[in-house]
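If you want the building blocks of each chain, they are given just below.
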Amino acid sequence: MSATTGIGTLTVRPLDPLRDAELLHSWVTHPKAAYWMMQDAKLQDVEREYMRIAAHEHHDAFIGLHEGRPAFLMEKYDPRYVELVGLYDPEPGDVGMHFLVAPTDRPIHGFTRAVITAVMDDLFADPRTRRVVVEPDVSNKAVHALNEAVGFVAEREIDKPEKRALLSFCTREQYLAARGVAT
């Protein structure tokens, strides 16, 4: 993925669990990443978690770059095998997604919206992707509003082992409509 936006160029590269662990650790343990549920993680915990993801054939992680500098984390997964197994009936072309914007002392207005848009563009660049699935914490109102802004529609609350989540979906058509693109 490479997207030039009003805030600059966003790209992604595959995450390297060992090389990126220290950077990720600083992101996922930051107070702004409370919903990532790794606040008390040790560096080795982060390495282990991303080694597990790297080894999983249905889960991938990427480091997002803003103007060439690490700025966000993106994960995509197949909900038939990861995260949502037994919690809903997946459809062909469903892709699960997580993203985390790195903490910063110099926030850029519109950055998070640009990141989720670039992530969605990347997911829908694959013609096999028909629908993106997310399951954020029910109390994460900021991400619910952001998801809605790019076309997600909340379906229902579900109980995951680690949280009560709001299962939401966004079809390609919903995403394009939210972006103001005619289909």
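Our subject is the structure listed above.
Computed from a predicted model, the values in this text were never measured in an experiment.

Observations concerning helix α3 (residues 111–125)
Here α3 spans 21 Å end to end across 15 residues, near enough to the 21 Å set by a 1.5 Å rise per residue. Of all 15 residues that make up α3, eleven are buried, and the element is covered over most of its length. Inspection of α3 places Phe111, Ala114, Val115, Ile116, Thr117, Ala118, Val119, Met120, Asp122, Leu123 and Phe124 among the buried residues, and these make up the whole buried set.

Observations regarding the pattern of salt bridges
Applying the stated criterion across every chain, the model contains 16 salt bridges. Measuring nitrogen to oxygen at the nearest pair gives 2.8 Å for the salt bridge that ties arginine 13 to aspartate 20. Side by side, arginine 13 and aspartate 20 carry an identical accessibility label, which is buried. Salt-bridge contacts for arginine 19 lead to aspartate 20; the nearest nitrogen and oxygen are separated by 4.0 Å. According to the relative accessible area criterion, arginine 19 is exposed, its value standing at 56%.

How each quantity is defined
- Residues numbered from 1 in each chain as written.
- Predicted model: local features only at pLDDT ≥ 70, side-chain atom pairs only at ≥ 80, totals over all residues.
- Heavy atoms only, no water.
- Helix = DSSP H or I, 4+ residues; strand = E, 2+ residues; numbered from the N terminus.
- Expected span 1.5 Å × (residues − 1).
- Buried < 20%, exposed > 50% of the residue type's maximum accessible area, 1.4 Å probe, protein only.
- Salt bridge = Lys/Arg side-chain N within 4 Å of Asp/Glu carboxyl O.

These figures capture arrangement, not role.
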